Each structure stands twice: as C-alpha cells, then as structure tokens.
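Chain by chain, the residues:
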Amino acid sequence: MNSDPVTLVAALRNTLEDTERDFSSMPFFVRPMVRRGFASRTGQGLDEWQRLAMALASEVKSDTEPARVRERHPRLREQLVQLAENYRTAPERASKGMGALAGTLQRVQEASRRREEAIRAFIAWLG
C-alpha cells in the first residue's frame with residue numbers, strides 16, 4: 001500500500017465509511033449489539049473513530065512526519081492496533097453469526113482483510 005500519509009488517512013476514512021455502511025445494512029435489531037461490540041473491541045465507537053479520522057485528514061499533509069502525528073495523538077498507534085485486530089477477527093465472529101452462508105462469509109473475509117491491511121499500513125507509517 002502507498003505510504004503517503006494523505007492516502008493512508010483516506011484509506012482509514014474509507015474503511016470506517018465501509019464499516020458504517022455494513023452496520024447500516026444489518027437488521028435493525030442487530031445494529032446496537034454490533035456497534036457495542038465494535039466499540040468494546042476498538043476502544044471507541046464508530047462515530048468517535050470517524051471524528052478522529054476527520055481530524056487526521058485536516059492535519060496530515062503529504063510531507064507530514066510520523067513523529068508529529070504521534071505527538072499530537074499519543075494513543076493513535078495503540079488505537080489503530082485495536083482497530084486492525086477488530087477487522088482481523090471479524091470473519092470469525094461473522095461465521096458464528098451467519099452459519100453456513102458461504103458467499104456472505106467470503107465477502108466478509110475479503111472486506112476484513114482489505115480493512116486490516118489499510119489500518120496496518122497506517123500503523124507501519126507511524127512507526
């Protein structure tokens with residue numbers, strides 16, 4: 001993945017937007033449970049993640065140094081690790097909830113892999 005910080009922040013924002021779309025497409029009665037689980041596993045709710053990503057997008061330029069971002073957001077790396085782990089383990093959780101829906105499960109696996117890769121690329125850039 002590209003190591004330009006602007007691209008990495010855009011990938012984070014896209015990942016969170018995709019996650020929001022996925023949550024919104026779930027049955028109404030499942031959404032609160034899924035949102036609570038996401039917040040529990042990642043340390044903050046999807047809305048907070050989206051606010052953080054928007055703040056990063058306004059701060060980060062192509063020539064921004066990782067140290068500057070780490071200084072402004074001292075817990076960012078730790079938070080991103082939690083987010084990446086959430087996406088890494090999503091297929092396992094989905095398989096329990098979806099049973100034998102192989103096509104759907106495959107879609108979840110592919111989306112989760114892409115999302116985890118995007119977050120881990122940002123983590124790698126942060127150092």
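Structure shown above.
The structure contained in this document is the topic of the report that follows.

So, how was this worked out
- Residues numbered from 1 in each chain as written.
- Predicted model: local features only at pLDDT ≥ 70, side-chain atom pairs only at ≥ 80, totals over all residues.
- Heavy atoms only, no water.
- Phe/Tyr/Trp six-rings, centres within 6.5 Å; stacked < 30°, edge-to-face > 60°.
- Helix = DSSP H or I, 4+ residues; strand = E, 2+ residues; numbered from the N terminus.
- Buried < 20%, exposed > 50% of the residue type's maximum accessible area, 1.4 Å probe, protein only.
- Axes fitted to C-alpha atoms, helices over the stretch in contact; angles between N-to-C directions.
- Parallel < 35°, antiparallel > 145°, perpendicular 65-115°, else oblique.
- Left-handed = near helix turned anticlockwise from the far one by under 90°.
- Contact = heavy atoms within 4.5 Å.
- Nonpolar A, V, L, I, M, F, W, Y, C, P; charged D, E, K, R; others polar.

Attention shifts here to the packing of aromatic side chains. One pass over the structure, following the stated rule, counts two aromatic pairs. Ring centres of Phe 23 and Phe 38 lie 5.7 Å apart, and the angle between their planes is 80°; this geometry places the pair in the edge-to-face category. In this pair, Phe 23 sits in helix 1 (residues 5-25) while Phe 38 sits in helix 2 (residues 31-42), placing the two residues 15 residues apart along the sequence. Take Phe 23 and Phe 38: they sit in the same class, and that class is buried. Here Phe 122 and Trp 125 contribute two aromatic rings whose centre-to-centre distance is 6.0 Å and whose plane-to-plane angle is 35°, an arrangement assigned as tilted. Taken together, the positions of Phe 122 and Trp 125, both in helix 6 (residues 102-126) and three residues apart, correspond to about one turn of that helix. Relative accessible area serves as the criterion here: at 0%, Phe 122 is assigned to the buried category. What makes Trp 125 buried here is its relative accessible area of 14%.

Remark: helix 1 packs on helix 3 (residues 46-59), axes separated minimally by 9 Å, with the N-to-C direction vectors making an angle of 155°. One way to sum up the angle between helix 1 and helix 3 is to call them roughly antiparallel. Where helix 1 crosses over helix 3, the handedness of that crossing is left-handed. Residues Val 9, Leu 12, Arg 13, Leu 16, Glu 17, Thr 19, Glu 20 and Phe 23 of helix 1 form the contact with helix 3, whose participating residues are Leu 46, Trp 49, Gln 50, Ala 53, Met 54, Leu 56 and Ala 57. Looking at the contact of helix 1 with helix 3, its residues break down into ten nonpolar, two polar and three charged.

Read these as geometric descriptors, not functional statements.
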